[in-house]
Amino acid sequence: MDIMGYLSIRTWEAKREKKKNEPRRMYIDEVWNMEADTWQT
């Protein structure tokens, strides 16, 4: 593999990792379920 191919794969992986670490939008059902779990304890 040439150096440009290697670098393009590395940037793609870095963007993927960054997107995975971003805060994800949660649906209201998920938020309510989490709230209900904290109230029961």
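Note that the structure is a prediction, hence the values are computed from the model and not measured.

Asks: Residues and numbers for the overall build of the protein chain, please.
Replies: The helix and strand tally for the protein chain stands at two helices and zero strands. Scored against the burial criterion, the 41 residues of the protein chain give a buried share of 2%. In the structure as shown, the protein chain presents an accessible area of about 4,600 Å², 59% of it carried by carbon and sulfur atoms.

Asks: Go over a nonpolar patch on the surface with me, naming the residues and quoting the values.
Replies: The grouping of Ile3, Met4, Tyr6 and Leu7 at the surface amounts to a nonpolar patch, some 440 Å² of accessible area in total. On the secondary structure map, Tyr6 appears in helix H1 (residues 3-21). When its relative accessible area of 45% is taken as the criterion, Tyr6 is described as partly exposed.

Asks: Just give me the short version of the pattern of salt bridges, but keep the residues and values in it.
Replies: Per the stated rule, a full pass over the model turns up one salt bridge. Among the ionic pairs, Arg10 bridges to Glu13, the shortest N-O distance being 2.8 Å. Highlighted residues: Arg10 and Glu13, both in helix H1, separated by three residues, approximately one helical turn. Residue class for Arg10 comes out partly exposed when judged on its relative accessible area of 41%. Residue classification places Glu13 among the partly exposed residues on the basis of a relative accessible area of 34%.

Basis of the calculations
Residues numbered from 1 in each chain as written. Predicted model: local features only at pLDDT ≥ 70, side-chain atom pairs only at ≥ 80, totals over all residues. Heavy atoms only, no water. Helix = DSSP H or I, 4+ residues; strand = E, 2+ residues; numbered from the N terminus. Buried < 20%, exposed > 50% of the residue type's maximum accessible area, 1.4 Å probe, protein only. Areas by Shrake-Rupley, 256 points an atom, 1.4 Å probe, with all protein chains shown as cover. Patch = residues over 30% accessible without salt bridge, like charges linked within 9 Å, V, L, I, M, F, W, Y side chains within 5 Å. Salt bridge = Lys/Arg side-chain N within 4 Å of Asp/Glu carboxyl O.

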